[in-house]
Number of protein chains: 2
Amino acid sequence: MATDTLIHDFELPFQLYDVLNTESLCEHTRFSEHSRETFDAVIDTANKMATNLFLPHNHIADKNEPKFDGKKVSMIDDVKIAFDAFRESGFIAGRYSFEDGGMQLPETVMTAVSGYFMAANPSTTAYPFLTAAAINVISHFANDSIKDAFMPRMLTGDFTGTMALTEPHAGSSLADIHTTATLQRDGSYRVKGSKIYISGGDHELSDNIVHLVLAKIPGGPGGVKGISLLAVPKYRLNDDNSVGDRNDVQLAGLLHKLGYRGTSSAALTFGENNDCHGYLIGEPHFGLRYMFMMMNEARIGVGFGAAMIGYRGFQYSLDFAKDRTQGRVAPNNKPEDAAAPIILHGDVKRMLLAQKAYSEGGMSLCLYGSNLIDRINTCIDATEKQDLTELLDLLTPVLKAWPSEYGPKANDLGIQVLGGSGYTREYYSEQFWRDNRLNPIHEGTNGIQALDLIFRKLWQNKSHGLRVLKSEVEKDLHAITTPETALMAKKLNPYLGQLHETVVHLSEVMQTEKATTLSANAQAMMNIFATVVVSWIWIRQASAAEKLLEQSSDTQKQDFYKGKVQAAKYFISWELPTILRDIQLLKDNDDVCTNVQPSWF
Amino acid sequence: MATDTLIHDFELPFQLYDVLNTESLCEHTRFSEHSRETFDAVIDTANKMATNLFLPHNHIADKNEPKFDGKKVSMIDDVKIAFDAFRESGFIAGRYSFEDGGMQLPETVMTAVSGYFMAANPSTTAYPFLTAAAINVISHFANDSIKDAFMPRMLTGDFTGTMALTEPHAGSSLADIHTTATLQRDGSYRVKGSKIYISGGDHELSDNIVHLVLAKIPGGPGGVKGISLLAVPKYRLNDDNSVGDRNDVQLAGLLHKLGYRGTSSAALTFGENNDCHGYLIGEPHFGLRYMFMMMNEARIGVGFGAAMIGYRGFQYSLDFAKDRTQGRVAPNNKPEDAAAPIILHGDVKRMLLAQKAYSEGGMSLCLYGSNLIDRINTCIDATEKQDLTELLDLLTPVLKAWPSEYGPKANDLGIQVLGGSGYTREYYSEQFWRDNRLNPIHEGTNGIQALDLIFRKLWQNKSHGLRVLKSEVEKDLHAITTPETALMAKKLNPYLGQLHETVVHLSEVMQTEKATTLSANAQAMMNIFATVVVSWIWIRQASAAEKLLEQSSDTQKQDFYKGKVQAAKYFISWELPTILRDIQLLKDNDDVCTNVQPSWF
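Looking at an unreviewed UniProt entry, one finds chain A named Butyryl-CoA dehydrogenase and attributed to Glaciecola punicea ACAM 611. According to the UniProt record, the Cofactor (unreviewed entry) comment for chain A is "FAD".

Below, the structure written as structure tokens:
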């Protein structure tokens, strides 16, 4: 029981060309050699590779996690075969310039490409994706010497990359890291410290592993302002940049995770023998700022991945619901009638529609975010560029947190559709559910995202992002020409007003002693804001679908568009009103969670 | 990081004596030899046994699931040691009469006893508990000959029991089972068919396993009305009831589950060689009715177990949150200040308070249900007995579904409190989460529970149960004498009105063509009803706690009572208003889920 269709054939063309108008990017110099045809060819390649080389070992890798024998990390061969195919395809460099050996593709298209891999096999996909994320940082902030040393071989996947941020005693609290980087006479640094949860932290897939390590340079400022970023390779580079001796980076052990089991997760010790060479990226003490500047992309990546694992669970349970017969549905509900496929039962329809709303909502949301990056990058008008940048900054916590909250909910419903079968490891629903449980935790827990929203992003640059969002939403709502979508917009309208009132209320509360309630109530604000944003994202989809429905005579396409309209209706009727609770809580300055004392538990 | 305190010392005394007045049961003849002291002694024994013999191997059994070598099922020794201690303690017979070798204990006390075992190790606990459930059926419906053959040795745990209901092709749809029971000339039956998901379906813990099998007697009525119940032992009994030869019951294989891994889950084949002896329980074709009559207890058991696994996850994450330091909390939020325990962070408080509200709410709800059984059993007045029976029937789907929906939510939050640690198998949060995922599925999926509520229980006996519930709730609300609880009652009041209006609306809808929307919207009705019921259950706890708070001078007790009041406030502020969405959906006769077509997905 495993469908080989990773993503519905109509889905990505709909998102990219009907909702987002991605072709218009080709009007810009950077993408002028591209067209819908080249985009589609790249996406088609991704689909085939993901289906043929990533999907088949998703379950096998889960059952056979990487092992460390004290010397080397070993894993099933399928991972390396898939990784090699990925790097040979040039996808790691997909977003980089032709002159760097890249494909000069828009973020929107690269995100779509990533969708196939995340749906097929998130844990094998992590290796090249983490490498791409590391390249992103190096390319923006490292000096030419470091770029030359690492980037070309990272772009081809000969070297892989990691992010080494977390330390055992300080998870989300990066201000408290202990790892140090000490300047030597020759201008290089020696790194010393311990890091955990380093995904892809050790393996034999590549010739070298480049760890991007957060560390403190002794004598620097305290707290988050004194954190620097260093590239620390597993193997040192010789003067001619060829791979040299082992650096003083030791694998302390592998962590045993609940899911994502194919991705090695390492505890690493840097400088146990005081000889761990590191290369400073950019200026001293600016490391955390660099990481934050690259965070928008990384967080969209996590959100989109969560949506795609949710989507795969949805598709898998959909196939099951079509095949599996059980019970009767009126008017054929006599004992002698044949049992009906469970997809005809009302409660199963509800669970499938919810999964569709969550996963395709998250997918569309993150593609919108990726498209914002492209619009920012190609924008000539400085004011518009600033507007879009503020909008992206505001949306980033939502792009990460909403899909990683609702993707797992989809996977939970996926198990429930399968019933007893869903509770066995003979079916895959439980793996999707376990894999996706990571996403509310990493790349900033969803609690951290809610704090980012309520304490920073809502107010950043005098709430400029919020005003840009408002005008983008209003523009879309005014452009609606179809009846069903118009009805949805009418239902959304009062909530837009309530969102505005809530923000005004919060801005006042922040000046009073009631401000202490906000950290405990941050999740309520995230619910309100994210649910309104995703409602808008669903209205955008419904609007496009309803228009196409009027034009199309192809039954399959009509069905697809009807499904989009119905999922949007579901979101507006079933999900949007859930924020009434949150609006009330914030209006009341509810202090129930704030006031609970540790001794009361 | 594992607390040895399974349940807070004050919790069960509070539930049993302050909220439920369990001692008053001792006024009745059946329990006249008992007192609070004997109840406490039994509960204390359970606590010690669960802590010493069940808790230590909970994680080990998860990692070492039962194995089948083609002949026998083997498992780690710890399971048998714990099972033997349990059976030697007499707990399996706890609720039975002294004359049957039992302890003649009330259901309320037996449920409290079960709490320690469910919190400590749900999968080892399953073996004796399933046996108790099978005894319950046999004792009520089997003839004396069958009772004599099986019951005495089941009460001592020399024989264990199972429920063999589900067949591979028909999960929830028992009308469609294929297993047959054919009458022989000597009055015995031969059983033939396949069953799956038989928990405890095979093992070497006991001298015999008695399967309670649903089967059709050829020639009987079709559908659910033609289902009979048979006792089918693994080993036949000789004429003197001594254990004889193997019966024709074959273990086809063990299922590999997502959680509850210590409990063997079997696929069994009955009568492969046409020689499977079964003993009819009660009358032919009444099997399903018998099972339903025992369902109240079984469903309370599942709900209570789910609450207890949720509770254990809560306690585990609470310990973590007290120990783990990270970040700063105002006014000590300068980098040079020491890091704060994460329990001081607002969002962590929220996650802990939600877990407390879910797990203790479910616990209190199910203890209320068990107490109803005791009240019914000891009631002399026929009208009151009928009232309470209708109330229990009405509440049963909620007793099963609400804790098994919210216990797992607590476990999910438990992982989130641990952050990255929660995602590793080195910590236990993930096992609680996996174990508890079974509970929304078995003993009637939560979808089935919602259908039971909306199509049957709300209307049973002209909604008599609903009227009894209303008067019980009003009685409690009128008795409130403390200010905080009075405020909660005031907040609950309009929702009671809306629940009533919704039920009236539904009764009208059922007469129209809009009735087709109800199966897809059943979950919304369950949310409304269950949330109002649990709000009342929390108000009962708050009322008791606030009164005790006024009287108590012990700081630890005061803290405990304050925690109860705060969790109740949380439930009323954060959970109760979530049903505004559901009320609106039902008022609108929302047809979004009903109308979606399979081809639209």
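Having seen the model, we can carry on.
> Help me out: how do you make sense of the overall build of chain A in this one?
A count of helical and extended segments in chain A gives 19 helices and 12 strands. For chain A, the C-alpha radius of gyration of 24 Å lies close to 25 Å, the compact-globule estimate for 601 residues. If one aligns the C-alpha atoms of chain A with their principal axes, the spans along those axes are about 80 × 60 × 60 Å. Per-residue burial over chain A gives 63% buried out of 601 residues. Within chain A, contacts between residues at least 6 apart in sequence are counted, and of these 74% link residues at least 24 apart. If you sum the accessible surface of chain A, you get close to 21,600 Å²; carbon and sulfur atoms cover 50% of it. Of the charged side chains in chain A, 57 are positive and 72 negative; the average position of the first set lies 4 Å away from that of the second.

> Got a minute to help me understand the relation of the copies chain A and chain B in this structure?
Copy one and copy two of the chain differ by a rotation about an axis and a translation along that axis. If you rotate chain A by 180° and push it 0.0 Å along the axis, it lands on chain B with an RMSD of 0.0 Å. On the angle and the small slide along the axis, the relation comes out as a two-fold axis. By C-alpha distance to the rotation axis, the residue of chain A lying nearest is T578(A), at 3.1 Å. Comparing contact sets, 100% of the residues at the interface of chain A also lie at the interface in chain B, consistent with an isologous, same-surface contact.

> Explain the UniProt feature "domain: Acyl-CoA dehydrogenase/oxidase C-terminal" (unreviewed entry) in chain A to me, please; I cannot follow it from the model alone.
Mapped onto the present numbering, the UniProt feature "domain: Acyl-CoA dehydrogenase/oxidase C-terminal" (unreviewed entry) falls on residues 287–452 of chain A. Annotation note: span residues 287–452 of chain A, helix share 73%, strand share 0%, distance between end C-alpha atoms 19 Å.

> Help me out: how do you make sense of the pairing of strand 9 (residues 243–246) of chain A in this one?
Side-chain direction in a regular strand flips from residue to residue, so the side chains alternate between the two faces of the sheet. Residues and elements named next belong to chain A. Pairing analysis gives 2 bridges linking strand 8 (residues 235–237) to strand 9, with the strands arranged antiparallel. Within the sheet, the bridge partner assigned to Y235 lies in strand 9 and is R246. Where strand 8 folds back on strand 9, the antiparallel hairpin that results is connected by 5 residues, among which N241 adopts a positive phi of roughly 70°.

> Explanation requested: the interface of chain A and chain B in the structure shown.
Reports often express the size of an interface as the amount of accessible area lost when the parts come together. At the interface, 86 residues of chain A touch 86 residues of chain B. Contact between chain A and chain B buries roughly 7,700 Å² in total, counting both sides, with carbon and sulfur atoms accounting for 59%. The largest share of the area that chain A buries against chain B comes from Y423(A), W574(A) and F601(A), three residues that together contribute 13% of it. Applying the counting rule to chain A against chain B returns 6 salt bridges. In this structure, D176(A) engages R328(B) in a salt bridge whose closest nitrogen and oxygen atoms are separated by 2.5 Å. Linking chain A with chain B are 42 residue pairs in polar contact (both at pLDDT 80 or more). Residues of the side of chain A that touches chain B, tallied by class, amount to 31 nonpolar, 31 polar and 24 charged.

What counts and what doesn't
- Residues numbered from 1 in each chain as written.
- Chains lettered and ligands numbered in written order.
- Predicted model: local features only at pLDDT ≥ 70, side-chain atom pairs only at ≥ 80, totals over all residues.
- Heavy atoms only, no water.
- UniProt positions renumbered as here; feature names shortened; annotations may be inferred.
- Helix = DSSP H or I, 4+ residues; strand = E, 2+ residues; numbered from the N terminus.
- Rg over C-alpha atoms; globule rule 2.2 N^0.38 Å.
- Buried < 20%, exposed > 50% of the residue type's maximum accessible area, 1.4 Å probe, protein only.
- Contact = heavy atoms within 4.5 Å.
- Areas by Shrake-Rupley, 256 points an atom, 1.4 Å probe, with all protein chains shown as cover.
- Lys, Arg positive; Asp, Glu negative; His and termini not counted.
- Charge placed at Lys NZ, Arg CZ, Asp CG, Glu CD.
- Least-squares fit on C-alpha atoms with pLDDT ≥ 70 in both.
- Pairing = 2+ DSSP bridges.
- Buried area = accessible area lost by both parts, 1.4 Å probe.
- Salt bridge = Lys/Arg side-chain N within 4 Å of Asp/Glu carboxyl O.
- Polar contact = N/O pair within 3.5 Å; in protein donor to acceptor, adjacent residues only side chain to side chain.
- Nonpolar A, V, L, I, M, F, W, Y, C, P; charged D, E, K, R; others polar.

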